[in-house]
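Residue-level listing of the chains:
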Amino acid sequence: MSGLLNNRRALIALAGFGSLALFFGALAFQYVGELLPCVMCLWQRWPHRIAIGLAVIGVAVPHAVIAWLGALSMLVNAGIALLHTGVERAWWEGPQVCGASAAQDVGSLSVEELFDTTSGPQIVLCNEAAWHFAGLSMASWNGLICLALAAIWVMAARVKA
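Basis of the calculations
Residues numbered from 1 in each chain as written. Predicted model: local features only at pLDDT ≥ 70, side-chain atom pairs only at ≥ 80, totals over all residues. Heavy atoms only, no water. Helix = DSSP H or I, 4+ residues; strand = E, 2+ residues; numbered from the N terminus. Contact = heavy atoms within 4.5 Å. Phe/Tyr/Trp six-rings, centres within 6.5 Å; stacked < 30°, edge-to-face > 60°. Lys NZ or Arg CZ within 6 Å of the ring centre and 35° of its normal. Expected span 1.5 Å × (residues − 1). Buried < 20%, exposed > 50% of the residue type's maximum accessible area, 1.4 Å probe, protein only. Lys, Arg positive; Asp, Glu negative; His and termini not counted. Salt bridge = Lys/Arg side-chain N within 4 Å of Asp/Glu carboxyl O. Polar contact = N/O pair within 3.5 Å; in protein donor to acceptor, adjacent residues only side chain to side chain.

**With respect to the side chain of Ser137**
Inspection of the secondary structure assignment puts Ser137 in strand β2 (residues 136-137). Those residues in contact with Ser137 that lie beyond four places of it in its chain are Thr85, Glu88, Ala129, Trp131 and His132.

This is the structure in structure tokens:
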């Protein structure tokens, strides 16, 4: 285990695999579990994509700056997840895009389309958590795991090369 903790390349790979697992997990919830993501859920996927790309680069060229950028991407993701958690728990209001685009889509529908339950746009509100485990939403779990991944990225950056 201590060999892993002193190997920047291995730590970067571990952090990258963590983001890859979370990203594919989100896709599985969406396509297998049929839980459509809201706008803020989609925002949380971008830092994972960035971290995966940084991990690919970092495994090939394991420089500390790449690891620091990976840590930053996970801290940004944890921030988005905290914002989303607050919206879900009604601690604060969500960004306007969480309801504005949905309202605009609904406003453009005819009366028949509004009452047609077989088709039409799927509206997913940011303030409604679609899934919970142990009292925490998917956004909350993502935030906590992102903090752990940020710690791994920081450990990778601090390894003496």
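**Considerations on the packing of aromatic side chains**
One pass over the structure, following the stated rule, counts two aromatic pairs. When the ring of Phe23 is compared with that of Phe24, the centres are 6.1 Å apart and the planes differ by 55°; the resulting orientation is tilted. Its end group placed over the ring of Trp46, Arg49 keeps NZ or CZ at 4.2 Å from the ring centre.

**Some remarks on helix α7 (residues 138-158)**
Taking 1.5 Å per residue as the helical rise, α7 with its 21 residues ought to reach 30 Å, and the 30 Å between its terminal C-alpha atoms agrees with that figure. For α7, the full list of buried residues reads Ala139, Ser140, Asn142, Gly143, Cys146, Leu149, Ala150, Ile152, Trp153, Ala156 and Ala157. Buried residues in α7 make contact with α2 (8-31), α3 (39-60), α4 (64-88) and β2.

**A look at the side chain of Arg8**
Inspection of the secondary structure assignment puts Arg8 in helix α2. Of the buried charged residues, Arg8 lacks a salt bridge, with Glu88 as the closest side chain of opposite charge at 34 Å. Polar side-chain contacts of Arg8 include one of 3.3 Å to the backbone oxygen of Ala157.

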